[in-house]
Amino acid sequence: MRVLGIESSCDETAAAVVSGEQVLASLVATQHDVHERFGGVVPELASRRHMENVVPLVAAALTDAELTLDDIDGVAATYAPGLVGSLLVGLMAAKAIAYTRGIPFIGVNHLDGHLNAASLEFGPIPHPHVGLVVSGGHTSLYAVTGRFDVKLLGATRDDAAGEAFDKVAKLLGLGYPGGPAIDRMAQRGDPKAMRFTRPKFSQEGSLDFSFSGIKTACLLKHREESKNGEVSGGFVADMAASFQEAVASFLVERVVEGARKIGAKGAVLAGGVAANRRLRSLFESRCTEEGLTPYIPPMELCTDNAAMIAHVGRLKLEAGERSPLTLNAVANMEIGI
Ligand code: KG4
Ligand code: ZN
């Protein structure tokens, strides 16, 4: 089955075509130039840019795949979670194509997309496994016991990991998006220069996350250092490296704890923060140490893309699932709860 996928939940417009397990085309138009000067995504501007991009991007993806709409058997689009104005653009485009072509339409949860991105690279991943989705909006750990049998094991109680990366990068004057900037700056710093305590929860064995404490600790250290004038490049690099180390090790320890709890055979890493080089190497080494197979997709499948949406859409369409054309966009929607 050939499926066209559209993703527009935040600040990337993306279109992709899959045929079975194969990705024939996957294009992403980033909007970093639009939001950079605001230090974060401006929802109204994001929607407007999606409007400009979505039709040319779908056309370009079809051209890349050397196909036309006549060759497409179904259309998938992200319908939740995300910025509603942004989601609606991709969703309406997908519905319009499905309606006018008389082909099936399926709405896909963005988190299902991230969680299944690894299987585009590695094929079906043996169950049970744990999946960690770390992005700008989510930090969630799942037990995956079947293709779409997912149970939430833990989630962030405050900021998402990517949000913390973006905020600390802003504090350090590293620009937007902050994750890649911290990743680069951390190469020059000492990860042991600053110590951050790991958050503790009253509930024994909780697999939840929290990043507001470490973000505040960075703010206080930075404020203290700024008392003597502008902070040095060395301080910025050390804070980037130490912050990154603390977040990466906290995330990976939770994955190990979750995997032990459910007797997982493997662990999947997903979401934009999964592009982080330190997180990738620590995830790989700790999982291997624990006897877990690590599944770390290539960078382009970690950050927002439409291949993962087309992929999940295809699996659902092939299983006979369809969404009505009345399906609406939804801002907040966890999976596995
Ligand atoms: O999944 P994604 O592309 O969009 C959302 O669904 O949120 O994730 C975006 C997040 C941003 O917070 C960005 O700063 C972070 O992923 N990110 C990174 C890296 N690349 C992107 N964080 C740390 N290191 C990176 N290399
Ligand atoms: Zn995402």
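The rules behind each value
- Numbers given to residues run from 1 along each chain, matching the order in which its sequence is written.
- Whichever chain is written first becomes A and whichever ligand is written first becomes 1, with later ones labelled in order.
- With the structure being a predicted model, the display of local features is reserved for residues of pLDDT at least 70 and the display and counting of side-chain atom pairs for 80 or more, all residues being used for whole-chain, interface and lining totals.
- Only hydrogens and water are set aside; all other atoms, that is, all heavy atoms of the structure, feed into the side-chain values.
- Here the rule is simple: two strands pair whenever DSSP picks up at least two bridges between them.
- A run of H or I in DSSP becomes a helix once it reaches four residues, and a run of E becomes a strand once it reaches two; helices and strands are each numbered from the N terminus.
- Here, axes are lines fitted to C-alpha atoms. For helices the fit covers the stretch in contact, and angles between N-to-C directions go from 0 to 180 degrees.
- The contact criterion used throughout is that any non-hydrogen atoms of two residues lie within 4.5 Å.
- Throughout this description, buried means an accessible area under 20% of the type-specific maximum (1.4 Å probe, protein chains only), exposed means over 50%, and partly exposed covers the range between.
- The crossover handedness rule: strands pointing away from the viewer, path from first strand over the helix to second strand clockwise, crossover right-handed.
- Stacked, edge-to-face and tilted labels apply to pairs of Phe, Tyr and Trp rings (six-membered ring for Trp) whose centres lie within 6.5 Å, assigned for plane angles under 30 degrees, over 60, and everything in between, in that order.
- The criterion for a charge sitting over a ring is simple: Lys NZ or Arg CZ within 6 Å of the ring centre, and within 35 degrees of the ring normal.
- Donors, by definition, are the N, O and S atoms found within 2.8 Å of a metal, the threshold being 3.2 Å for Na, K and Ca, and water is not counted, so a site can look incomplete.
- Here the expected span of a helix is defined as 1.5 Å times the quantity of residues minus one.
- Whether a residue is near a molecule or strand is decided by its heavy atoms; if any one of them lies within 4 Å of it, the residue is near.
- Any pair of nitrogen or oxygen atoms within 3.5 Å is treated as a polar contact; in protein, a donor-acceptor pairing is required on top of that, and neighbouring residues in sequence qualify only through side-chain atoms on both sides.
- Domain boundaries shown here were taken from an automatic or database domain assignment.

Colleague: Sorry, what's going on with the sheet that holds strand 3 (residues 22-30) here?
Modeller: Think of a sheet as strands paired side by side through backbone hydrogen bonds, with each pair either parallel or antiparallel. With mixed pairing, 5 strands are arranged side by side in an open sheet as 3-2-1-4-5. A strand with exactly one partner marks an edge of an open sheet, and here the two such strands are strand 3 and strand 5 (105-109). Strand-to-strand, the axes of this sheet are offset by a mean angle of 20°, without reference to chain direction. Across 8 bridges, strand 2 (residues 12-19) lies against strand 3 in antiparallel orientation. Note that in strand 3 the partner of T13 across the bridge is A29. Here helix 3 (residues 84-101) sits on the sheet in contact with strand 1 (2-7), strand 4 (74-80) and strand 5, set at roughly 155° to strand 4. Here helix 4 (residues 110-122) sits on the sheet and contacts strand 1, strand 3, strand 4 and strand 5; the angle it forms with strand 5, its principal contact strand, is near 90°.

Colleague: How should I be thinking about the pairing of strand 4 in this particular structure?
Modeller: In regular strands, side chains alternate between the two faces of the sheet. In terms of burial, strand 4 is largely enclosed, as 7 of its 7 residues are buried. Pairing geometry for strand 4 and strand 5, over 5 bridges, is parallel. In the strand pairing of strand 5, V75 is matched with F105. Considered for its hand, the β-α-β crossover made up of strand 4, helix 3 and strand 5 is right-handed.

Colleague: What should I look at first to understand the packing of aromatic side chains in this one?
Modeller: A complete count under the given rule lists 5 aromatic pairs for this structure. The interplanar angle of 65° and the centroid separation of 5.7 Å between the aromatic rings of F209 and F250 together place this pair among those described as edge-to-face. With F209 in the loop between helix 6 (178-186) and helix 7 (212-226) and F250 in helix 8 (residues 233-262), this pair connects stretches of sequence that are 41 residues apart. Considered together, F209 and F250 belong to a single accessibility category, that of buried residues. The ring of F201 has R157 sitting right over it, with the charged end atom 4.0 Å from the ring centre. Lying across the ring of F148, K316 places its NZ or CZ 4.3 Å from the centre.

Colleague: Could you clarify how one ought to interpret the coordination of the zinc ion (ligand 2) in this entry?
Modeller: Six octahedral donors around a metal ideally subtend angles of 90 or 180 degrees, whereas four tetrahedral donors ideally subtend 109.5 degrees. Taken together, H110 (NE2), H114 (NE2) and D304 (OD) make up the protein donors of the zinc ion (ligand 2), found 2.1 to 2.2 Å from the metal. Spacing between the donor residues of the zinc ion (ligand 2) along the chain follows H-x3-H-x189-D. Remark: D304 occurs in the loop between helix 10 (299-302) and helix 11 (307-318) and H110 occurs in helix 4; sequence separation between them is 194 residues.

Colleague: Please clarify how helix 11 should be interpreted in this entry.
Modeller: Its 12 residues give helix 11 an end-to-end C-alpha distance of 16 Å, which sits within 8% of 16 Å, the value for a rise of 1.5 Å per residue. Taken across its 12 residues, helix 11 has 11 buried, putting it largely inside the fold. Every buried residue of helix 11 is listed here: A307, M308, I309, A310, H311, V312, G313, R314, L315, K316 and L317. G320, located one to two residues past helix 11, shows a positive phi value of around 90°.

Colleague: How should the site of ligand 1 be read in this particular structure?
Modeller: In the neighbourhood of ligand 1, 18 residues make up the surrounding shell, with G136, D166, D183, G272 and D304 lying closest. Within the side chain of H110, a nitrogen or oxygen atom sits 3.3 Å from an oxygen atom of ligand 1. Note that a nitrogen atom of ligand 1 is positioned 2.8 Å from one of the side-chain N or O atoms of D183. Inspection of the shell around ligand 1 shows a minimum of three residues originating in each of domain 1 (2-114 + 303-318) and domain 2 (125-301).

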